[in-house]
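Reading the structure
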Amino acid sequence: QVQLVESGGGLVQAGGSLRLSCLASPTIYLFTSMAWYRQAPGKERELVATISSGGSPHYADSMKGRFTISRDDAKNTMYLQMNSLKPADTAVYYCNADQYVLGSGKYDHWGQGTRVTVSS
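Below or above, wherever it landed, is the structure these notes cover. (Residues numbered from 1 in each chain as written. Predicted model: local features only at pLDDT ≥ 70, side-chain atom pairs only at ≥ 80, totals over all residues. Heavy atoms only, no water.)

Here the focus is the pairing of strand β5 (residues 46-52). Looking at chain direction, strand β4 (residues 33-39) and β5 are connected through six bridges and run antiparallel. Within the sheet, the bridge partner assigned to Tyr 37 lies in β5 and is Leu 47. Turn length for the β4-β5 hairpin, with the two strands adjacent in sequence and antiparallel, is six residues, and the turn residue Gly 42 shows positive phi of about 75°. Note that β5 and strand β6 (residues 57-59) share three bridges and pair antiparallel. Across the sheet, Ala 49 pairs through a bridge with Tyr 59, a residue of β6. Hairpin connection, β5 to β6: the antiparallel pair is bridged by four residues, and Gly 55 has positive phi, about 95°. (Pairing = 2+ DSSP bridges. Helix = DSSP H or I, 4+ residues; strand = E, 2+ residues; numbered from the N terminus.)

Turning our attention to unusual backbone geometry. For the bond running from Ser 25 to Pro 26, omega is 5°, close enough to zero to count as cis. If you trace the backbone, Pro 26 turns up in the loop between β3 (18-25) and β4. Even without being a glycine, Asn 76 presents a positive backbone phi close to 55°. Note on placement: Asn 76 falls in the loop between β7 (67-72) and β8 (77-82). Located in the positive-phi region is Ser 84, a residue other than glycine, with phi close to 50°. Structurally, the position occupied by Ser 84 is in the loop between β8 and β9 (91-101).

Written out as structure tokens, the structure is:
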């Protein structure tokens, strides 16, 4: 059973930092790529960043410079380091993973989300 569990969210003041984690089970090696998305109150879910199985990152244009996506395959964990946080970064952050199964196609997995609140 594939499971993605996010952690690390919380309340932080503007200018502060947080590191989000996404623990993948049974193993991170199932996934061809992983990503962080976020959904702010009253808004649609948006892409923050993606990372390939080889570790290549890609960032949404508005996220470049302050956010860093990474993964530690030995720990089955993906991370999102967020610096210089702004109130506009307040959202629920979701972990996403793509799995391709031979003969079945692509499966899209989501975590339950972790809430980040940035106070001004």
